[in-house]
Amino acid sequence: METIVIGIEGTAWNLSAAIVNETDVLAEVTETYSPKTGGIHPREAAQHHATYAAGVIRDLLEEGKKNGLKASNINAVAFSLGPGLGPCLRTVATAARMLALSLDVPLVGVNHCVAHVEIGKWKTPARDPVVLYVSGANSQVLAYRAGRYRVFGETLDIGIGNAFDKFARSAGLSHPGGPKIEEYARNADTYVPLPYVVKGMDFSFSGLSTAATDALKSNPIEDVCYSYQETAFAMLVEVTERALAHTGKGEVLLAGGVGANMRLREMLDIMCDDRGASFYVPEKRFMGDNGAMIAYLGLLMFKAGSVTDIGKSHVNPNFRPDDVDVTWITED
Ligand code: AMP
Ligand code: MG
C-alpha cells in the first residue's frame, strides 16, 4: 500500500505544511512570516505560526481532498524536532502532536538539516552526495558515512544567511538581505579585501560580516556586496571541495535558502567541473524551508520504523544532523 505522510515545517520564518507520497508532493500550503522591522523575532514568529497553524492544516487537507486524498489515507505526521528557534519549534510540535492524535497515526520527529538533504536527493539525481547546506541559521558540509550524516565542516558562529541579513540591515536594506546583496553584487567594479576565515574544515562569518559593514564607510555598496559574496562563497566552496577529496564521493548537492544565489551555484559548478564531480541543485521551492522536505523525511523514517513517542517528542533547538541514526539508508 502507498505510504502518505503530512509534514509541518516552522523552525523559523516559514510555516509550511505538505502531504507527500513516495514519488511526489500531493499538496502544500505555506504561510510566511515577514518581520515588519529588523530580523526574525523568535516570539513574533512563533505567534505567527500559532495564529496560522490550524488554517494551514485545514487548507492542506482541503487541497488533498481535491486531489482525491482522504484523511484516512494518511499514515503519519512529521515535524521538525530541531534545530530552530525554540518558541517556533514548540508551537509547531504542539500542532503536530494534536494532528497525529486526531488522525490516530504515529508522530515522526525529524531533523530539519537532514530533511534539506533528503529532499535534495529525492528531487535531483544525486544519490550519495557531499551536501553544502547553507541557510539562514545553518551552514554545514555534510556527507553520509556508516549510518550517519557526518558534519565535515560547519560555521563556528552564525549561518551565512543570517550573516548576509545582518550586514544588509546595517546597510539599510530590509529582510531578507541575501537576494538584495546578490542584486547589488552584479553591478560591482572592484574587489574590496575582506577577511577569509577557514579554520581546519570550519568557517566563520561573524567577523566577515562586521568587516563588510565597516567597508561600507569607504566603498560603494555594490563593491562591498560583491566582495562579501566572493569571500564567503570561496570559503564554502573550499571546504566543500576538501570534503569531496576526503570522502572520494563524486556528487555535490546544494541545499538551503542561500542556494538560490546564482554566483554560489556558478562557483560550485566550476569546482565540480574541475574535479569531474556532478553538481545538483533542486528546484528553488525545495531549497528554502518547506513542508514537503519534512513530510518526505518523515515518510522515509516512518517506512524504516523510526517513529516518535508523543511523550518523547520534546524539541531540541540545537539538534545536530550527526545525532540522527539514519535507519532508512540500507546499503553503504
Ligand atoms: P532558509 O533558512 O533555508 O529558508 O534560507 C533563508 C536565507 O536565505 C535568508 O538568510 C536569505 O537572506 C537567504 N537567501 C535567500 N535568497 C538568497 C540569495 N539569492 N542569495 C543569498 N542569500 C539568499
Ligand atoms: Mg533550513
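For the structure, check the block above.
Before going into details, it helps to say that this report is about the structure given with it. Please read all numbers here as calculations on a predicted model, not as lab measurements. (Residues numbered from 1 in each chain as written. Chains lettered and ligands numbered in written order. Predicted model: local features only at pLDDT ≥ 70, side-chain atom pairs only at ≥ 80, totals over all residues. Heavy atoms only, no water.)

### Some remarks on the coordination of the magnesium ion (ligand 2)
Within the protein, the magnesium ion (ligand 2) binds to His-112 (NE2), His-116 (NE2) and Asp-289 (OD); these donor distances fall in the range 2.1 to 2.3 Å. In primary-sequence terms, the residues that donate to the magnesium ion (ligand 2) follow H-x3-H-x172-D. With His-112 in helix α3 (residues 112–123) and Asp-289 in the loop between β12 (278–280) and α9 (291–303), the pair connects residues that are 177 residues apart, well separated along the chain. Owing to a relative accessible area of 2%, His-112 belongs among the buried residues under this scheme. In this structure Asp-289 comes out as buried when scored by relative accessible area, which is 11%. (Donors = N, O, S within 2.8 Å, 3.2 Å for Na, K, Ca; no water. Helix = DSSP H or I, 4+ residues; strand = E, 2+ residues; numbered from the N terminus. Buried < 20%, exposed > 50% of the residue type's maximum accessible area, 1.4 Å probe, protein only.)

### Observations regarding the sheet that holds strand β6 (residues 130–134)
In space, the five strands of this open sheet follow the order β8-β7-β6-β11-β12, with mixed pairing throughout. In the strand order of this sheet, the two ends are held by β8 (148–154) and β12, each with one partner. Put simply, the sheet's adjacent strands are angled 25° from each other on average, direction ignored. The pairing of strand β11 (residues 251–255) with β12 spans three bridges and is classified as parallel. Within β12, the residue paired with Val-252 across the bridge is Phe-279. (Pairing = 2+ DSSP bridges. Axes fitted to C-alpha atoms, helices over the stretch in contact; angles between N-to-C directions.)

### A look at the sheet that holds strand β5 (residues 107–111)
The strand order across the open sheet built from five strands is β3-β2-β1-β4-β5, with neighbouring strands paired in mixed fashion. Both outer strands of the open sheet, β3 (25–32) and β5, are each paired with one neighbouring strand and no more. Going across the sheet, the axis of each strand differs from the next one's by a mean of 20°, ignoring polarity. The pairing of strand β2 (residues 14–20) with β3 spans seven bridges and is classified as antiparallel. Bridged to Ala-18 within β3 is Glu-28. On top of the sheet, α9 reaches β1 (5–9), β2, β3, β4 (76–82) and β5; it is set at about 135° to β1, its chief contact. (Contact = heavy atoms within 4.5 Å.)

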